[in-house]
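# A structural walkthrough
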Amino acid sequence: MRYVMAALAAWAMSVAVAGAQQAADAVQPEAASPVAGTAAPADLRAALAAKQAGVPVRAQNWMVVAAHPLAVQAGADVLAAGGSAADAMVAVQAVLGLVEPQSSGLGGGGFLIWYDAQSGALTTLDGRETAPLRAGPRLFQNDDGTPMGFFDAVVGGLSVGTPGTPALMADAHRRWGTRPWAGLFDAAADLADAGFVVSPRLAALVARDADRLARHAATAAYFLPDGVPVAAGERLRNPAYADTLRRLARAGASAFYGGPVAADIVRAVREQSDNPGVLSATDLAIYEVIEREPVCVDYRAHAVCGMGPPSSGALSVGQILGMVSRFDLAALGPDAPEAWRLIGDASRLAFADRGRYMADSDYVPMPTRGLVDPVYLAGRSALLDRAGALEAVAPGAPAFDHALRLADDESLELPSTTHVSIVDARGNVLSMTSTIENAFGSRVMVRGFLLNNELTDFSFRTHREGVPIANRLEPGKRPRSSMAPTIVLKDGAPVLALGSPGGSRIIGYVAKTLIAWIDWGMDVQQAVALPHLVNRFGTYDLEAGTGAARLAGALQAMGYQTDLRDLNSGLHAIEIGAVLSGGADPRREGIALGD
Ligand code: DON
């Protein structure tokens, strides 16, 4: 563990100090205010100190890990009052939509996996945004059929899919909630009225994106008052969001999918002067959360379970783990270039299958079982029996009872999205990744929240040389995702919950964290902080400023191109053992809090 771990300690310390200080700045004014809830400032300080020291937060009864201390605090208050993980999620998500508006919110979508302590069952819920019924296959093409530029498609109404987050919150609460729905919005609504302190991360992202945020009047008025980006430390009030939350609190998700909120969403999408979209009141009225079959893959006596199609998350993470399971990664350790050759090329092989086969299985026949069949993965894994990097990577031929002729797709993903992990006092476990896709989504703001640009997760092209692409846009379809909310079981009992933002690099972040925890015996905080090395399409992305950079030479000698860059994961994990141990990614502002 020479290179990676030695550098990790120094680097994690410097980043965590900065991150923790930022988070403390964001929290402390609130901790003293009447809307702060009941979590003691001392607990928050302890959580920040743990992150700073690079050690997990430990607790006996319950725990919540999310991307902003105020959201964590809201969830902790619900859990401390005896609420379930589903109740806490509603409170956390409502606050995240306010304090981390660039990443997730009512105008977005998400996937949730739930372990039920009483029944032992795992449930996955698909609250993904959906293509409007009027969205044709050429939505993101120029008149001549060529794909539009990515940001030409993102900004404005065109990219907005029917939001799923409010329905997902309601569905989870209906199934597993124990506290009255309405009260779960109080913390967020009060904070929206009173104002929250803008964090350094939010301020930096607003400044960076000012030109795009300026293109929609309501968005500009909120993030760029008088034309100037909101600054870190400023107090930002969002009474429109407070009003929307109180409508949701009073009337449930129907206050979002019908009535004046829905009418305003439709108007904002369709009346964009430069990029009008096609979302209708009908799209909102017919939106449904879909319960899906969890995808589980065995890895070294653990069952790694997560979200199947329309996410490629669990399938791709599962493929990587399945392919490397023949190799003794524990003996190699995290400093061995050979370990990263195996992980990197397994990931490239998984991405080849992802590009060819993975999409919304309600629209495209998908070899879901075939893709993670152990015999198929053993065959794919045999390709790794060589000295250097694979020269070329192609999709495999998983067993399937349909004739498959599909072309490889292309689709881009870029710093938003958020992950929430919660364990409640009854032992229920919730892992949810929530998004509005790009930072600030479509940049269209309605009633205090931003609308997603999730439709740009579809392939902009529909065919390649006459052969259809699985992830092409179709009316009513859900765009393929990489989000990988995960729960790991051992002997049928949950032992770990985790997930991350990061676009299609989510798959690499989650796979790496699982290997660090299972094979390399790291604790959750070490595992999430471990420097990233991610390979999707051949180039090895190495996390700048970390020990990962020192592996560049060895990886190049194996045949890889390497690219040193920031890798913005937001891994939030809880280990469930004799005690609960929480890990919060030092790259973002989140914390773990428990009791
Ligand atoms: O669903 C997906 O896979 C993407 N829309 C997630 C986007 C994301 O994670 C942005 N990254 N930091």
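So, here's what we can say about the structure. Each chain carries its own residue numbering, running from 1 in the direction its sequence is written. In keeping with the predicted nature of the model, local features appear solely for residues at pLDDT of at least 70, side-chain atom pairs appear and are counted solely at 80 or more, and the whole-chain, interface and lining totals rest on all residues. In computing side-chain properties, one takes all heavy atoms of the structure into account and sets aside hydrogens as well as water.

### Some words on the side chain of S416
- Looking at the element boundaries, S416 is found in the loop between α19 (374-382) and β10 (418-423).
- N or O atoms closer than or at 3.5 Å make up a polar contact, with two conditions inside protein: a donor-capable atom paired with an acceptor-capable one, and, for residues adjacent in sequence, both atoms drawn from side chains. One polar contact links S416 to T417, side chain to side chain, over a distance of 3.5 Å.
- Here the side chain of S416 touches N438 through a polar contact of 3.1 Å, landing on its backbone oxygen.
- Throughout, a contact is declared for two residues whenever any of their heavy atoms are within 4.5 Å. Each residue touching S416, except ones within four places of it in the same chain, is listed here: Q102, S103, T435, E437, N438, A439, P501 and R588. Only DSSP runs of H or I with at least four residues qualify as helices, and only runs of E with at least two residues qualify as strands; both kinds are numbered from the N terminus onward.

### Concerning the sheet that holds strand β3 (residues 109-115)
- If you trace the 7 strands from one edge of the open sheet to the other, you get β7-β4-β3-β11-β10-β2-β23, paired in antiparallel fashion. Looking at strand neighbours, the two that pair on one side only are β7 (290-292) and β23 (591-594), the edges of this open sheet. Strand-to-strand twist of the sheet, defined as the mean angle between neighbouring strand axes without regard to direction, takes the value 15 degrees.
- Where β3 and strand β4 (residues 122-127) come together, 6 bridges link them in antiparallel fashion. Residue pairing for β4: G110 is matched across the bridge by G127.
- Each axis is a line fitted through C-alpha atoms, taken for helices only over the stretch in contact, and angles between the N-to-C directions span 0 to 180 degrees. Sheet strands in contact with helix α3 (residues 69-80) are β2 (63-66), β10 and β23, and its direction is about 160 degrees off that of β2. For two strands to be treated as a pair, DSSP must find no fewer than two bridges joining them.

### So, the packing of aromatic side chains
- Planes of paired rings set the category: under 30 degrees apart is stacked, over 60 is edge-to-face and the rest tilted, where pairs are Phe, Tyr or Trp rings (Trp by its six-membered ring) whose centres lie within 6.5 Å. Across all of its chains, the model carries 13 aromatic pairs by this definition.
- Centroid distance F351 to F537: 5.3 Å. Interplanar angle 80 degrees. Geometry classified as edge-to-face.
- Assessed through its relative accessible area of 60%, F537 is described here as exposed.
- Between Y540 and Y560, the ring centres sit 5.1 Å apart and the planes meet at 75 degrees, which makes this aromatic pair edge-to-face. Placement of the pair is Y540 in strand β19 (residues 540-543) and Y560 in the loop between α22 (552-557) and β20 (562-565), with a sequence separation of 20 residues. A single burial state applies to Y540 and to Y560, both of which are buried.
- Clustering of aromatic rings is evident, with ring pairs tying together F140, F150, F151 and F460.
- One residue, R212, lies across the ring of F151, its end atom 3.6 Å from the ring centre. Per-residue accessibility, obtained with a 1.4 Å probe over protein chains only, is compared with the maximum for each type, and a residue is labelled buried under 20%, exposed over 50%, and partly exposed between these values. Criterion for a charge above a ring: Arg CZ or Lys NZ at most 6 Å from the ring centre, at most 35 degrees from the ring normal.

### What to know about the pattern of salt bridges
- Whenever a carboxyl oxygen of Asp or Glu lies within 4 Å of a side-chain nitrogen of Lys or Arg, that contact is scored as a salt bridge. Per the stated rule, a full pass over the model turns up 28 salt bridges.
- Here R128 and E454 are joined by a salt bridge, their closest N and O atoms 3.0 Å apart. The pair R128 / E454 is uniform in exposure class, with both members buried.
- In this structure, the salt-bridge partner of D243 is R447, at a minimum N-O distance of 3.8 Å.

### Section: the sheet that holds β19
- Pairing is mixed across the open sheet formed by 3 strands, whose spatial order is β18-β19-β20. Two strands close off the open sheet at either side, each with one partner strand: β18 (533-535) and β20. The sheet shows a mean angle of 25 degrees between the axes of neighbouring strands, taken without regard to direction.
- Pairing of β19 with β20, which is carried by 4 bridges, proceeds in the parallel orientation. In the sheet register, E543 faces β20, and the bridge partner there is R565.
- Against the sheet, helix α17 (residues 337-357) makes contact with β18 and β19, and its axis sits at roughly 35 degrees relative to β18, the strand it touches most.

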